[in-house]
Amino acid sequence: MNIFTTDFFFSIIRIATPILLATLAAVIGEKGGVSNIGLEGIMMMSALFGSLTAYWTGSWAVGLLAAMAVGLLEALLMGFFAFKLKTDIILVGTAVNMIGSGGTIFLVKVITNATMGKSLTSTTSLITKSLQVPSWNIPLIKDIPVIGKVISGHSLLTYIAFLLVFLTGVLLYKTPLGLNIRSVGENPNAASSVGVSVSRVRYITIGIGGVLAGLGGAYMSMYYAMGWSLDMVAGRGFIALAAQSMGGGEPIGSMLAALIFGFAQALGIKVSATGVDSNLVAPIPYIVTILSLVVFALNQRRVEKRRHASALK
Amino acid sequence: MKKALAVALSLTMVFTMAGCGSKKETKETEAKTEAAKATEAGVETEAGTEKTTSEDVKNVVYLVNGNLGDKSFFDSAKAGLDALVEAGRITLNTVEMGGTDADQPKWLQTLYEVADSEEYDLIVCGTYQMPDYLKEVATAYPDQKFLIFDDDTYAGENDNVVNIVFKQNDLGYIVGTFAGLMTLDTSVDRINEDKVIGFVGGYDSPVINDFMDGYITGAQAVDPDIKVDVRYTSDYVDTAKAKEYGISMVNDSKCDIIWGVAGNAGNGAAEAVLETNGGWFIGVDSDQELTLSDELAAITLTSGLKNVGNSLIWFFDEWDAGNDLFGQRVSLGIVEGGVGIVTDKNYDTYASDDVKAAVDAAIEEVSNGDIVVPSAFDEGGNEAAQELRDSVRP
């Protein structure tokens, strides 16, 4: 069987999108010195409320906005605990992840019981094709052989995600806010001494991350799968943290890292068709992670060495 | 002031979290009083097909190691127990212990608590996640009776525990027969020329392979040329991953019928079928045509049922009739109503009369033992199932 078909490359992009969105959240967070390990939990909560709102309003666009708003709110709440009340942000993140699992099932039962008179444990039965984020066949490009089949026809969110890679780069390196975010991340005291409001910048940082993770959650429940179900994000928020570090914390690098994860999983799926033991297929994404981290570390070391060598000359 | 606010907020957070997994006890007091009244009057109450004197109203506690509302296992068990409550045969106390990793420590503790309270004639729990906890508590409280459904890890080791398992291989055989017949009937919408059907399982484990074993055997009995594409998600929650597998099965292997046996994740296979317009989906455990959205229900041909509730009623029938099954592994099949297949709605609409007759014949043959379906739980059965799987790959 030929593995490298157009739908293989298409699936790489489809698989990578939610990871990419969460990865960008992690990239901005780390630049601003905010280690948000709660991305997974935010995605789960956004996935739930995105799908619920889409059902209530009958509009995927409103659902998408709700998912972003919930992501923002949850991130700001995290910020409140971490920056205002000085809780360890890792603990806050852990709490958010636990709420993302136990809290969502609790909320969905209470909410559906109140609004529909019966408590549902997933929103799978509510989301129909018309409530999903639409996919987009790009004019002209879709007619190009091979490339058209790979690039065209993805979810609107996929194109937004790749656009956001570019926008994240612009935000971080071409705007005053980006400069503030980076300086607060590098040295909050120095930033503070020149009049930058450290806490304001941090709230903005974590807030942007929340919105991005919210988009990732919406992708999960409103495009990738039909509706929210318990633990459906299934570790993508954590993989994003790995992708951020694999990508050296830069937008483009992290995008490539997310695509590597997409490639790994897509490969696993195609390989499973040939009858390879599923216990060998399942860890492929994780093996790829480790290998990539090794390659990344070796590369870093070479760069460092070269820099030292040139400094000595 | 700020400090007070901080404390208040963190307390709220803690309580919200504790609240998420906290026990929600529902005491069926009404039933209890009714039952008590019945006892006084000495009236006979009816339940199911069996008649029983109300003197032996049993106090039962049902420990859910997850949450009700799963439309599957836990709900099915609850429905069976509720029917028994309504019939005045038992009183019921249901404890939802929560299903996340964070909830797990509570399971053992709750088991100890209810065993120690000596309030109950029977403690009911289920699934593969419970046996280790149950064994510990059952050993510590030898006079307390326990029932665990859908697991037989320590079957027979404690005289006070009964293990109820389901003949999912029989169920698989029926579903496989049906899927095999349908994939040959190209007059049905979206059924392609290729004799390939699919199976998305959770893990490459005996429980899942037991379904698969029957499924393949059933399909092959229809036509030995039928190929079966088997994939495992290695996961029960990742719907999106199951969808990726489903898409690959439709596009790469030309499957036109996929049976999803991977918990919630299995629905991803239905979504794949819908998105690729690739044919039909078959549900599992409960009637999924009733629980999926209209679009997904429309492409769901039938569901293979595991009737936990029926099996509990069956158990109480036996118990009340004086048949002590404790200390045993009880395997329930089609005859006992432990497993079955949905035969109304889409099944009724799309299956031809010939197909229906053939499926009925298969049910008959399995019921009366003319056909013995291999099981992954037999000695060396899992390996045999894996070999069978590899031999029918498309």
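The rules behind each value
Residues numbered from 1 in each chain as written. Chains lettered and ligands numbered in written order. Predicted model: local features only at pLDDT ≥ 70, side-chain atom pairs only at ≥ 80, totals over all residues. Heavy atoms only, no water. Helix = DSSP H or I, 4+ residues; strand = E, 2+ residues; numbered from the N terminus. Buried < 20%, exposed > 50% of the residue type's maximum accessible area, 1.4 Å probe, protein only. Polar contact = N/O pair within 3.5 Å; in protein donor to acceptor, adjacent residues only side chain to side chain. Contact = heavy atoms within 4.5 Å. Axes fitted to C-alpha atoms, helices over the stretch in contact; angles between N-to-C directions. Parallel < 35°, antiparallel > 145°, perpendicular 65-115°, else oblique. Left-handed = near helix turned anticlockwise from the far one by under 90°. Nonpolar A, V, L, I, M, F, W, Y, C, P; charged D, E, K, R; others polar. Expected span 1.5 Å × (residues − 1). Buried area = accessible area lost by both parts, 1.4 Å probe. Salt bridge = Lys/Arg side-chain N within 4 Å of Asp/Glu carboxyl O.

J.: Describe the side chain of Asp150 of chain B, with residues and values.
T.: Residue and element names in this part refer to chain B. Tracing the sequence through the fold places Asp150 in the loop between β7 (146–149) and β8 (161–166). Classification of Asp150 as buried rests on a relative accessible area of 14%. A polar contact of 2.9 Å, which involves the side chain of Asp150, links it to the side chain of Lys306. Residues contacting Asp150, with those up to four places away along its chain left out, are Phe73, Thr127, Tyr128, Ile164, Val165, Phe166, Gln168 and Lys306.

J.: Before we move on, can you summarise the packing of helix α7 (residues 206–222) of chain B against helix α14 (residues 381–391) of chain B with the specific residues and values?
T.: Residue and element names in this part refer to chain B. Packing of α7 against α14 leaves a shortest axis separation of 9 Å and a crossing angle of 50°. Compared by their axis directions, α7 and α14 come out oblique. Note on packing geometry: the crossing formed by α7 with α14 is left-handed. Together, Pro206, Asn209, Met212, Asp213, Ile216 and Thr217 of α7 and Gly381, Asn382, Ala385, Gln386, Leu388 and Arg389 of α14 make up the contact between the two elements. Class assignment of the residues belonging to the contact of α7 with α14 gives a composition of five nonpolar, five polar and two charged.

J.: Describe the packing of helix α9 (residues 198–224) of chain A against helix α8 (residues 239–253) of chain B, and please don't skip the residues or the numbers.
T.: Where α9 of chain A contacts α8 of chain B, the two axes come as close as 10 Å, and the packing angle between them is 45°. Comparing the axis directions of α9 of chain A and α8 of chain B gives the class oblique. α8 of chain B is crossed by α9 of chain A, and the crossing has left-handed handedness. Residues Met220, Tyr223 and Tyr224 of chain A of α9 of chain A form the contact with α8 of chain B, whose own contacting residues are Ala240, Lys243 and Glu244 of chain B. Each residue belonging to the contact of α9 of chain A with α8 of chain B can be placed in one class, and the counts come to four nonpolar, no polar and two charged.

J.: Run through helix α6 (residues 156–174) of chain A, naming residues and quoting values.
T.: Residues and elements named next belong to chain A. Between its first and last C-alpha atoms α6 spans 26 Å; for 19 residues at 1.5 Å apiece the expected length is 27 Å, and the two agree. All buried positions along α6 are accounted for by Leu157, Thr158, Tyr159, Ala161, Leu164, Val165, Thr168, Gly169, Leu171 and Leu172. Between a side-chain oxygen at the N-terminus of α6 and the backbone nitrogen of Leu157 the separation is 3.0 Å; the capping residue is Ser155.

J.: Any chance you could break down the interface of chain A and chain B for me, citing the residues and the numbers?
T.: As a measure of interface size, the accessible area lost when the parts come together is often cited. Each side of the interface is counted separately: chain A has 47 residues, and chain B has 43 residues. Between chain A and chain B, the buried area comes to about 3700 Å², and carbon and sulfur atoms account for 59% of it. Counting the contacts that link chain A with chain B gives four salt bridges. The salt bridge partner of Arg236 of chain A is Asp238 of chain B, with a shortest N-O separation of 3.1 Å. Applying the counting rule to chain A against chain B returns 12 residue pairs in polar contact (both at pLDDT 80 or more). Looking at the side of chain A that touches chain B, the elements with two or more residues in it are α1 (6–31), α3 (60–84), α4 (89–116), α9, α11 (251–272) and α12 (278–281) of chain A. Here the side of chain A that touches chain B gets eight residues from one element, more than from any other, and that element is α4 of chain A.

J.: So what's going on with α7 of chain B? Which residues, and what values?
T.: Every α-helix carries 3.6 residues per turn, so stepping three or four residues along brings you back to the same face. Along its 17 residues, α7 of chain B runs 24 Å from first to last C-alpha, staying within 8% of the 24 Å computed at 1.5 Å per residue. Buried residues of α7 of chain B: Ile208, Asn209, Asp210, Phe211, Met212, Asp213, Gly214, Tyr215, Ile216, Gly218 and Ala219 of chain B, and no others.

J.: Account for the pattern of salt bridges, with residues named and values stated.
T.: Residue and element names in this part refer to chain B. All told, the structure shown has 26 salt bridges over all chains when counted by the stated rule. Across the pair Asp150 and Lys306 runs a salt bridge whose closest N-O atoms are separated by 2.9 Å. Pair noted here: Asp150 is in the loop between β7 and β8 and Lys306 is in strand β13 (residues 300–306), with a separation of 156 residues, a long-range link. Residues Lys195 and Asp223 are paired through a salt bridge, measuring 2.9 Å at the closest nitrogen-oxygen approach. Note that Lys195 is positioned in the loop between α6 (168–184) and β9 (196–201) and Asp223 in the loop between α7 and β10 (227–232), a separation of 28 residues in sequence. With relative accessibility at 32%, the residue Lys195 sits in the partly exposed group. Of the residues examined, Asp223 reaches a relative accessible area of 12% and is grouped as buried. Shared partners join several salt bridges into a network, and the residues in it are Lys58, Arg89, Asp317 and Asp320.

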